[in-house]
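Given next are the chains, with one letter for each unit.
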Amino acid sequence: MLDKAAIILDCFIPSGGPYRLSELSERTGLPKPTVHRLAADLIRLGWLERTGPQYRLGAKLFELGSLVPRRRDLRETALPFLQDLFEATRETVHLGVREGMDVVYLERIHGHEALRLPSRIGGSLPLSCTAVGKALLAFSGAELTDELLSRPLPRLTPHSITDPARLRMTLEKIQVSGLAYEEQEAALGVSCIAAPVFAGGTTVAALSVAVPRERFSPAQLAPAVRTAALGLSRAVRGSS
């Protein structure tokens, strides 16, 4: 039963829902009575919430997730650098880590006029479709790159890179420059620049700035992104 409950929770990845009972049954492949019974238990535990006919993830999961030591410590260490980066650019700032073939966002800082982005704290997106993801992928070893390129590449917008040869060339450029770019590959009208964060030669995270396409200026944004990534790298090494 625990496995089935985990299947129900997993089906909320990556969008977070909400879903109706029939949708949960379809996404999990479990009978409606089973889903209904397990969902009631998950609601009692605070892992799910129900509003009318719709189910969504519960606050208890957010509370537990925020206590994961590795992510909590990294986020707390990164916050001053992310805030400095936001103050320098006044644009939306992200911090992300790699989980498998996805980037998971640990933090997002934005002003009053937030961009319409698919990224959200705790959410995930494909590595190949985001600047943060490409920065992580470029410095995570040839084995991971080869594995990712052996699979069909996801398409979030018409601008997403789906050609393996083109993505490999893009990653090679990132390895040379230390900066990753995304041009409307995750959301139309939005461009992004990112840099990796290192600890002991290992890529532990990446941070980025996302801006509306019409005012995207890599030459102006790059120094601030580099400075934040280097500062955070030093802080992470010092705390380890």
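Residues numbered from 1 in each chain as written. Predicted model: local features only at pLDDT ≥ 70, side-chain atom pairs only at ≥ 80, totals over all residues. Heavy atoms only, no water.

Secondary structure assignment for the chain yields nine helices and nine strands. In terms of overall dimensions, the chain is globule-like: its C-alpha atoms have a radius of gyration of 19 Å, near the 18 Å expected for 240 residues. Seen through its C-alpha atoms, the chain measures out along the principal axes to roughly 55 × 35 × 35 Å. When the 240 residues of the chain are sorted by exposure, 45% land in the buried category. Across the chain, contacts joining residues at least 24 apart in sequence account for 56% of those joining residues at least 6 apart. Per element, the accessible surface of the chain, about 12500 Å² overall, is 54% carbon and sulfur. Here the chain contributes 29 positively and 25 negatively charged side chains, and the mean placements of these two sets differ by 3 Å. (Helix = DSSP H or I, 4+ residues; strand = E, 2+ residues; numbered from the N terminus. Rg over C-alpha atoms; globule rule 2.2 N^0.38 Å. Buried < 20%, exposed > 50% of the residue type's maximum accessible area, 1.4 Å probe, protein only. Contact = heavy atoms within 4.5 Å. Areas by Shrake-Rupley, 256 points an atom, 1.4 Å probe, with all protein chains shown as cover. Lys, Arg positive; Asp, Glu negative; His and termini not counted. Charge placed at Lys NZ, Arg CZ, Asp CG, Glu CD.)

Looking only at helix α2 (residues 21-28), the buried set comprises Leu24, Ser25 and Thr28. Viewed end-on, α2 has its buried residues packed into an arc of 100°, placing them on one side of the element. Lining the buried residues of α2 we find α1 (2-10), β1 (19-20), α3 (32-45) and β3 (54-57). Once α2 finishes, Gly29 follows within two positions and takes phi at roughly 80°, a positive value. (Arc of directions from axis to C-beta.)

Our focus in this paragraph is helix α8 (residues 164-177). Taking 1.5 Å as the rise per residue, α8 with 14 residues should run 20 Å; its terminal C-alpha atoms sit 20 Å apart, in good agreement. Among the residues making up α8, those that are buried are Leu167, Thr170, Leu171 and Ile174. Looking straight down α8, one finds that the buried residues subtend no more than 100° of arc, so they occupy a single side. Of the residues in α8, the exposed ones pointing more than 90 degrees away from the buried face are Ala165, Lys173 and Val176. At its buried positions, α8 is contacted by α6 (131-138), α7 (142-149) and β7 (180-183). Looking one or two residues past α8, Gly178 carries a phi angle of roughly 80°, positive in sign. (Expected span 1.5 Å × (residues − 1).)

One pass over the full model with this rule turns up eight salt bridges. Ionic pairing is found between Glu87 and Arg90, a salt bridge with its closest N-O pair at 2.8 Å. Glu183 is the salt-bridge partner of Arg213, the closest N and O atoms lying 3.3 Å from each other. A residue pair is termed long-range when its members are at least 10 positions apart, and Arg213 in the loop between β9 (202-212) and α9 (218-239) and Glu183 in strand β7 qualify at 30 residues. (Salt bridge = Lys/Arg side-chain N within 4 Å of Asp/Glu carboxyl O.)

As a further point, take the pairing of strand β4 (residues 92-99). Consecutive residues of a regular strand have side chains that alternate between opposite faces of the sheet. Of all eight residues in β4, six are buried; the element is thus mostly enclosed. Relative to strand β5 (residues 102-109), β4 runs antiparallel, the two being bridged by seven bridges. Directly across from Val97, in β5, lies its bridge partner Val104. Hairpin geometry of β4 and β5 is characterised by an intervening segment of two residues between the two adjacent antiparallel strands and by a positive phi of about 65° at Gly100. (Pairing = 2+ DSSP bridges.)

Each pair of packed helices gets described by two things: the angle between the helix axes and the distance between those axes. Look at α7 against α8: their axes get within 10 Å of each other, and the N-to-C directions meet at 155°. Accordingly, the angle class assigned to the pair α7 and α8 is roughly antiparallel. Viewed along their axes, α7 and α8 form a crossing whose handedness is right-handed. Contacts between α7 and α8 involve Thr145, Asp146, Leu148 and Leu149 on the former and, on the latter, Pro164, Leu167, Arg168 and Leu171. Its residues assigned to classes, the contact of α7 with α8 comprises five nonpolar, one polar and two charged. (Axes fitted to C-alpha atoms, helices over the stretch in contact; angles between N-to-C directions. Parallel < 35°, antiparallel > 145°, perpendicular 65-115°, else oblique. Left-handed = near helix turned anticlockwise from the far one by under 90°. Nonpolar A, V, L, I, M, F, W, Y, C, P; charged D, E, K, R; others polar.)

Here we come to the sheet that holds β3. With antiparallel pairing, three strands are arranged side by side in an open sheet as β1-β3-β2. At either end of the open sheet lies a strand with only one pairing partner, and these are β1 and β2 (48-51). Across the face of the sheet, α3 comes into contact with β2 and β3 while running at roughly 105° to β2.

All right, on to the packing of α2 against α3 then. The N-to-C vectors of α2 and α3 enclose an angle of 110°; their axes lie 9 Å apart at closest approach. When the axis of α2 is compared with that of α3, the two are roughly perpendicular. The residues of α3 that touch α2, namely those facing Leu21, Ser22, Leu24, Ser25 and Thr28, are Lys32, Val35 and His36. Looking at the contact of α2 with α3 residue by residue, the classes come out as three nonpolar, four polar and one charged.

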